[in-house]
Amino acid sequence: MAQPAAIPIWCQSSDQRLENLAWSSWGGRQALATGLLTDNACDCSTGTTRAYPVAVRFDDPTAVGEVRRYERLSITFPGHRPAWASRATMHFIWGDLGFLSDQERA
């Protein structure tokens, strides 16, 4: 797995992205970084994009063919957060379209 500087949250959209990622760990059972979540709330080309500082954690590395990827993503907003983020820390699970649907840890 390569250490990315930016990651789209949903594969078919660039409206929510993790950007300017600075990694403190990568490649093991979990990966930790700080950066920005950029969010276009209207999901449209004319919308306003806002940036929110975040801490991110990826975990549950899984082999998919010859590629390894992390299956879980947690985004923590230390301050302001977008309207869709109902909690300070949001959890996501990998799906066919990218990191989808906020999930509580089981």
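Not measured: the values here are computed from a predicted model.

K.L.:
Looking at this structure, how should I read the nonpolar core?
P.N.:
Within the largest apolar cluster, 19 residues are counted, with the highest numbers of intra-cluster contacts made by L18, L37, V56, F58, L73, I75 and F77. Among the elements of the structure, β2 (16-25), β3 (30-40), β4 (49-64), β5 (67-76) and β6 (89-95) are those that each provide at least two residues to this core. Of the residues forming this core, the biggest block, four residues, is contributed by β4. Discounting residues that sit within four places of it in the chain, V56 has contacts with L18, L21, A31, L32, A33, L73, S74 and I75.

K.L.:
Please clarify how the pattern of salt bridges should be interpreted in this entry.
P.N.:
One side chain can pair with another of opposite charge once the charged atoms of both are near each other. The final tally for this structure, using the stated rule, is four salt bridges. Close ionic contact of R57 with D59 constitutes a salt bridge, the shortest N to O distance being 3.4 Å. Since its relative accessible area comes to 24%, R57 is described here as partly exposed. The buried category is assigned to D59, whose relative accessible area is 11%. Connected via shared salt-bridge partners are R57, D59 and R72.

The rules we used
Every chain is numbered on its own, with residues counted from 1 as its sequence reads. Note on the predicted model: pLDDT of at least 70 is required for a residue's local features to be given, and 80 or more for side-chain atom pairs to be given and counted; whole-chain, interface and lining totals, by contrast, use all residues. Side-chain metrics rest on all non-hydrogen atoms present in the structure, leaving aside hydrogens and water. Here, nonpolar core means buried Ala, Val, Leu, Ile, Met, Phe, Trp, Tyr and Cys residues that are tied together by side-chain atoms lying within 4.5 Å of each other. For every residue, the accessible area (1.4 Å probe, protein chains only) is compared with the maximum for its type, and the residue is labelled buried under 20%, exposed over 50%, or partly exposed between those bounds. Put simply, DSSP marks the helices as runs of H or I at least four residues long and the strands as runs of E at least two long, and each gets a number from the N terminus on. Whether two residues touch is decided by their heavy atoms; if any such pair falls within 4.5 Å, the residues are in contact. Whenever a carboxyl oxygen of Asp or Glu lies within 4 Å of a side-chain nitrogen of Lys or Arg, that contact is scored as a salt bridge.

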